[in-house]
Amino acid sequence: MARPTVVAWAACAVLTLAGSLTVGGIAAAKVREEPRLAPASPAPALTAPAQAAAPAAAPGEQTVLPAAVNAAGEVTTAGSAAGSAKAGGSITQSELDAFLAAHSTALKGKDRAAFLAAVDPKNADLLKQQGQLYDNLQKIPFASAAYRFGSMDGGESTFAQGAQATVAVNFDHQITGVDTAPVEEQYRWTVVRGATGLQVTAVDAPTNRRGYPAPWDSIANLTVLTRKHVVIMADDTSSSFAKSRADALESDAQYDFAHWTGGTGTAPGFAVFLTSNRDTYEGIYDQGRDESVGVTVPMPAVSDPSSAGGTYPSSRIAIDTTHYKNLDPADADIIFKHEMTHAMIDPFENLSGRSEQDHLWVVEGFAEWESQRMYSPTELLYDGDTLHAYATKHGAPKALPTDAQVYSSDSDASSLGYFYSHMAMRYMAGKWSPEKVDQFVLYVYKNATSATCVDDAMKNVLSTTTDQFTQGYASWYRSSL
Amino acid sequence: MSGNVLRGPVLPSLIAIGVLAASVAGTIALTGKDSTASASSPTRTAPPPVRNAAWVVNGAHDAPSLSALTGFWIGPDVVVRGGVDGLHAMKRADGSPAWDLPAPGGGDVCGMSAGVDAGVGIVATQGTAQTRVNAASECAVISAIDIASGKVLWTTPASMSFGDPDAGAADYAAAGGMAIIDSDRATAGTGIVALDLKTGEQKWKHPGDCEHRPHAFAVSGTKVAIAEVCSGQPQATVKVLDAATGAEVPNAAVPAGAAMAGVSHPEIVSADPVVAVDDGTTPKALSFGGVATPVAVSGLDGLMAALTANAATRAQVGVGAGVLCAGGHQAACWGADGKAVAPRGLPNAAAEHHDVYAVVGNADVARVVTTGVPGHPRASLCRVAGDGGVVVEADLSQAVSDYLGKSGNPGSYSVYGDAKDLFLLDPHPNGRAAVIDVRLG
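Residues numbered from 1 in each chain as written. Chains lettered and ligands numbered in written order. Predicted model: local features only at pLDDT ≥ 70, side-chain atom pairs only at ≥ 80, totals over all residues.

It is worth spelling out the pairing of strand 13 (residues 192-196) of chain B at this point. Residues and elements named next belong to chain B. In terms of burial, strand 13 is a largely internal element, four of the five residues being buried. As judged from the five bridges shared by strand 12 (residues 178-183) and strand 13, these two strands associate in the antiparallel manner. Following the sheet pairing, Asp 182 is matched in strand 13 by Ile 192. Of the pairings in the sheet, the one linking strand 13 to strand 14 (residues 202-206) comprises four bridges and is antiparallel in character. Bridge pairing in strand 14 links Ala 194 to Trp 204. Between strand 13 and strand 14, which pair antiparallel in sequence order, lie five residues; one of them, Gly 200, sits at a positive phi of approximately 85 degrees. (Buried ≥ 20, exposed ≤ 12 C-beta atoms within 10 Å, placed from the backbone. Helix = DSSP H or I, 4+ residues; strand = E, 2+ residues; numbered from the N terminus. Pairing = 2+ DSSP bridges.)

What follows is about helix 10 (residues 387-394) of chain A. Residue and element names in this part refer to chain A. Within helix 10, the full set of buried residues consists of Leu 387, Tyr 390 and Ala 391. Looking down the long axis of helix 10, one finds its buried residues gathered within 95 degrees of arc, a one-sided arrangement. Looking at the buried positions of helix 10, the neighbouring elements they touch are strand 10 (381-382), strand 11 (385-386), helix 12 (411-431) and helix 15 (466-480). Of the residues flanking the end of helix 10, it is Gly 395, one or two places downstream, whose phi is positive at about 75 degrees. (Arc of directions from axis to C-beta. Contact = placed C-beta atoms within 7 Å.)

Looking now at helix 12 of chain A. Here helix 12 of chain A contains 21 residues, and its C-alpha end-to-end distance of 30 Å stays within 8% of the 30 Å for a straight helix at 1.5 Å per residue. When you tally the buried positions in helix 12 of chain A, you get 15 out of 21 residues, the bulk of the element. (Expected span 1.5 Å × (residues − 1).)

Residue and element names in this part refer to chain A. Topologically, Leu 198 is positioned in strand 4 (residues 197-204). The sequence separation of Leu 198 and Asp 120 amounts to 78 residues, and the corresponding C-alpha distance is 8.8 Å. Beyond its immediate sequence surroundings of up to four residues, Leu 198 is in contact with Ile 91, Glu 95, Phe 99, Val 191 and Arg 193.

All names here are of chain B. Spatial strand order, 15-16-17: three strands in an open sheet with antiparallel pairing. Of all the strands in the sheet, just strand 15 (210-220) and strand 17 (237-242) have a single pairing partner and so form its edges. Taking the axes of each pair of neighbouring strands and ignoring which way they run, one obtains an average angle of 25 degrees across the sheet. Of the strand pairs in this sheet, strand 15 and strand 16 (residues 223-230) are connected by seven bridges, and their pairing is antiparallel. The residue of strand 16 that forms the bridge with Ser 220 is Lys 223. (Axes fitted to C-alpha atoms, helices over the stretch in contact; angles between N-to-C directions.)

Turning our eyes to something else, we now look at the sheet that holds strand 25 (residues 340-341) of chain B. All names here are of chain B. One open sheet holds the four strands; their spatial order is 22-23-24-25, and the pairing between them is antiparallel. At either margin of the open sheet sits one strand with a lone partner, and together these are strand 22 (317-320) and strand 25. Relative to strand 25, strand 24 (residues 332-335) is paired through two bridges, and the arrangement is antiparallel. Paired with Trp 334 across the bridge in strand 25 is Ala 340.

Further remarks concern unusual backbone geometry. Apart from glycine, the bulk of residues carry a negative phi angle, and the bulk of peptide bonds sit in the trans form. Residue and element names in this part refer to chain A. Following Tyr 212, the chain continues to Pro 213 via a peptide bond in cis, the omega torsion being 0 degrees. Residue position: Pro 213 is located in the loop between strand 4 and helix 5 (215-218). Of note, Tyr 285 is a non-glycine position whose phi angle comes to about 60 degrees, a positive value. Relative to the assigned elements, Tyr 285 resides in the loop between helix 7 (278-283) and strand 8 (294-299). Backbone geometry places Ser 463, a non-glycine residue, at a positive phi of 55 degrees. Mapping Ser 463 onto the fold places it in the loop between helix 14 (453-462) and helix 15.

Residues and elements named next belong to chain B. Chain-level statistics for chain B give a pLDDT mean of 76 and a share of 73% at 70 or above. Within the model, pLDDT remains below 50 along residues 1-42, and this stretch shows 64 contacts once partners closer than five positions in the same chain are excluded. pLDDT under 50 marks residues 310-315. Its contacts with residues more than four places away, or in other chains, come to 17 contacts. Among the scores for the predicted complex, ipTM is 0.77 and pTM is 0.57. (pLDDT = per-residue confidence, 0-100.)

To continue, consider the nonpolar core. Nonpolar side chains in soluble globular proteins tend to be buried together. Counting residues in hydrophobic clusters, the biggest one holds 131 residues, and the most contacted among them are Ala 179, Ile 180, Cys 325, Val 368 and Val 384 of chain B. Per element, the largest residue contribution to this core is six residues, and it comes from strand 11 (residues 169-175) of chain B. The residues touching Ala 179 of chain B, leaving out its near neighbours within four places in the chain, are Ile 122, Ile 142, Ala 144, Tyr 172, Ala 174, Ala 194, Leu 195 and Leu 197 of chain B. By size, the runner-up hydrophobic cluster in this structure holds 89 residues, among which are Val 272, Met 299, Tyr 324 and Ile 334 of chain A. (Core = buried A, V, L, I, M, F, W, Y, C linked by C-beta atoms within 7 Å.)

This part takes up the packing of helix 12 of chain A against helix 15 of chain A. Think of two packed helices as two axes; the pair is described by the angle between the axes and how far apart they sit. Residues and elements named next belong to chain A. Two elements in contact, helix 12 and helix 15, have axes whose closest approach is 10 Å; the angle formed by their N-to-C orientations is 95 degrees. If you check the angle between helix 12 and helix 15, you find them roughly perpendicular. Residues Met 423, Ala 424, Tyr 427 and Lys 431 of helix 12 lie in contact with helix 15, whose contacting residues are Gly 472, Tyr 473, Trp 476 and Tyr 477. Split into classes, the residues belonging to the contact of helix 12 with helix 15 amount to six nonpolar, one polar and one charged. (Parallel < 35°, antiparallel > 145°, perpendicular 65-115°, else oblique. Nonpolar A, V, L, I, M, F, W, Y, C, P; charged D, E, K, R; others polar.)

What follows deals with the pairing of strand 2 (residues 53-58) of chain B. Residues and elements named next belong to chain B. Counted residue by residue, strand 2 has five buried out of six residues, so it is predominantly covered. Two elements, strand 2 and strand 34 (residues 433-439), share five bridges in a ladder whose sense is antiparallel. Residue Val 57 lies in a different strand from strand 34, and its bridge partner there is Val 435.

The subject of this paragraph is the packing of helix 13 (residues 434-446) of chain A against helix 14 of chain A. Residue and element names in this part refer to chain A. Axis separation between helix 13 and helix 14 bottoms out at 9 Å; the angle between their running directions is 145 degrees. Seen from above, helix 13 lies across helix 14 with right-handed handedness. From helix 13, Lys 436, Gln 439, Phe 440, Tyr 443 and Val 444 reach across to helix 14, where they touch Cys 453, Val 454, Ala 457, Asn 460, Val 461 and Leu 462. The class makeup of the residues in the contact of helix 13 with helix 14 is eight nonpolar, two polar and one charged. (Left-handed = near helix turned anticlockwise from the far one by under 90°.)

Printed below as a string of structure tokens:
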């Protein structure tokens, strides 16, 4: 086996455990207060039903009300609500529901023209972008994909002039073999009433970006490759890399699954995006981890995450391939395995609130250990040094790494945090067992919002205390490394 | 004597019948038991004409909250229905659109002046960050609208005029060439301001050292009636101001002295005559004009309910010469002496279930619309005199009557009117009929 030349990277797991990931639901539409008026009673039918006590009609007396004149001046059938709504200029939720349903049908039915019919024909740039999106989406093996109304800024309008709505649109989708349940991506559409009906005049980032933009949104001519456990997406900078490494990614996925002993509930597979364009990498999924070279982004379920115990059912992986194109493939395997480890067990993690006890060392240490457990310490290099030299240089840890250290913006500090985290897991696997490591990590993930998630995992899984573990880890570090 | 009183107002209706005959081709014949005839009248009056709907306009569909009624204006050529998100104007001739105006100050429409002056109405809106002075103030942006064209003549934050950044508008009216705005702040220092209706320029300001409560303000014609609690005074004072100048009208017939004793939350229903009510104490009190002693009125709950339910538009309180009527399950009217008036001869009064809509608009007597009931299934437009005498001005066609409610199952509508038309409005149309124009002649 080739000796991996492990460079120090800052591969991160979740973006953060802060509240930004805990926000469920959709942005609330503006609530309009009802004026203080008497409660409405259902209006009677506009056509007068037969009434037993009704006298004979007077000469010239109407028996029914005149046909309604709607807001556009067109005569509609008396009581016709639909006619008044459309001609009245009001962009209503029901209209948007129908508009989005037609858009979904066009996507599902592979009808490109119908899909693009939703777009303002005068907006050439948007037409091109949406055409590109359609082409990309057709390459993704979706189990389901549909657009859904989320909310509308300012509520509905009753005015014909310049009828325009800014709408939060959810793209509910489930990638076959990757997502255990439909997840959602959000868009912010500007919709106007055109001569032929509603039209989209702009598609922008949503207020809550929620993984926007996905590769299919921002990449022209997206390369998509599928394997049993992996859906690989790549831009032109990494298309060849993706093709040459697709089978290796599948092997990396199988490697992670084969080692997991924590039971069912893991992600069934992975969606991996590859690029060597740094700007593209930093912008994808709005990940916000500019110092990283690999990232795993949890994806929210279509339903409110809080209803599922604060867990996110799936993740998306993005990798900056710049460092791996010309290096030993084993280096790439490590980062793929690392990120896949995150994605594999992400569905277990309670992300409903901020973590009250630092445990990023568990998150990153486990991914580091899992991706490198086949290598002995003497086979690993850190910052060009042997593991022994690197460990000697930095000395034994006095405590478990803090969250701030693990995700420090100082790459040296972060690298050392990853290293100490990795070594802590190696110590745990050696003193207890790899199975206990899985159980320990699982416990911490499921209780991630607890103020004592690590302490409790130490007690309930390892029958020790955090202090005893730390002392034993430091002693092992000094003696073994 | 009541017969004589009744016959006076009947005459115009009888004349109108001749004009109407061409349009509705005659009138209907009532049964032999003419329920509209006064017991003291030995002669039967002619049956009232039946009036048809001239046009119907539906409200927006699936936007029930936005379609909620915020006010209604009647102009010579257009009528304007206010919704939460703006104003929709219709041509009186056929109901076709005249103009639409999204909330001119931004945000939602809080309310509209009860009427217009010289073709200009006042709208209060929540405003936006760009149009209001203080984010905390609500209903703080005032606009004047030319109802013929829909043109916004001016828009200004109310708090600028009040000098209090938190102040908004609780009451507003167009009268005497002025936009007259009462502050929503009960604190001293805000008061009432009047802006030139054409330009928005401030013309007068009522001294702001007294507390003003919402709805302690009404405008009728060129008179502004207010109730305020001033420093050092133990009770509210009712005043009548001249809308054009802000000067207090001398010797105005207002409740004062003992009439306001113990009146803790006075509200003003009408400025001419001045009608003040109070629901903050028990028994409830009503003061009509210059009556010396407030009258604890049984049945005043009906008026209070109307005021509470329709405070923004006061749509269900109609005032005539010497009489005030509120809509409700049954007509609740009060005369100039402050005492309850029992209308005599309402077509539906004998039914177990009956309802009445007060008609808001220009009239020399109070007008109500009774809903149809078994035995008299058509709704009727009635005039109520100060002594309670009723004249049926017209019956409404069965289709219109059924819309308003029948057999004790009424809807909750508002009725506006002038000499030419009745306008029936559904406050929450949601795709159904929002405005029905019933042509009176």
